[in-house]
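# Structural description and commentary
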Amino acid sequence: MAFDLGQLKRQIDINGKVVRIVLTEVKGSAPRDVGTSMMVWKDGQAGTIGGGALEYQAVKAARLALQSKSSWSSSHPLGPDLGQCCGGFVKL
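For the structure given in this document, a descriptive report is provided here. (Residues numbered from 1 in each chain as written. Predicted model: local features only at pLDDT ≥ 70, side-chain atom pairs only at ≥ 80, totals over all residues. Heavy atoms only, no water.)

Next up on the list: the side chain of Ser74. For Ser74, the position within the fold is in the loop between helix H2 (52–68) and strand E5 (75–77). Of the residues examined, Ser74 reaches a relative accessible area of 17% and is grouped as buried. In this structure the side chain of Ser74 is engaged in a polar contact, spanning 2.9 Å, whose partner is the side chain of His76. With residues near it in sequence (within four places) discarded, Ser74 still touches Val90, Lys91 and Leu92. (Helix = DSSP H or I, 4+ residues; strand = E, 2+ residues; numbered from the N terminus. Buried < 20%, exposed > 50% of the residue type's maximum accessible area, 1.4 Å probe, protein only. Polar contact = N/O pair within 3.5 Å; in protein donor to acceptor, adjacent residues only side chain to side chain. Contact = heavy atoms within 4.5 Å.)

Structure, rendered in C-alpha cells:
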C-alpha cells in the first residue's frame, strides 16, 4: 500500500494538526496488513486500521499525542490485550 503524501497534506490544510497511525509490524492473524494507515485529528479521522478495539485505542492515543505534541508507538497482542478474536500481534 503506497503512502499518499498529498492526502496527508490536504488533511493538514483542512484540519490543522494530524496524526498518521501506521501498522509497522503484524504477526499472525490481524485485521489489516503492514503499511495500513489512518489519519486522526482533533475531531475526526480518515481511513481505518481495522479491528474495533485496536482502532479505538489507537485513535485515543493519537488524540493524546495531538494534545501533548508527541509521537508514540505501541504493541498489541490482539487477543490478550484487546479481546479481539483474530489473536495476532500488531505494532503501531
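Within the open sheet, the 3 strands sit side by side as E1-E3-E4. Their pairing is antiparallel. Two strands lie at the open edges of the sheet, namely strand E1 (19–22) and strand E4 (44–47), each paired on one side alone. Here the strands of the sheet are splayed against their neighbours by 20° on average, with no regard to which way each runs. In this structure, E1 lies alongside strand E3 (residues 37–41), joined through 4 bridges in antiparallel fashion. From the neighbouring strand, Ile21 faces E3, where its bridge partner is Met38. Along the sheet, helix H1 (residues 5–15) contacts E3 and E4; its crossing angle with E3, the most-contacted strand, is approximately 10°. (Pairing = 2+ DSSP bridges. Axes fitted to C-alpha atoms, helices over the stretch in contact; angles between N-to-C directions.)

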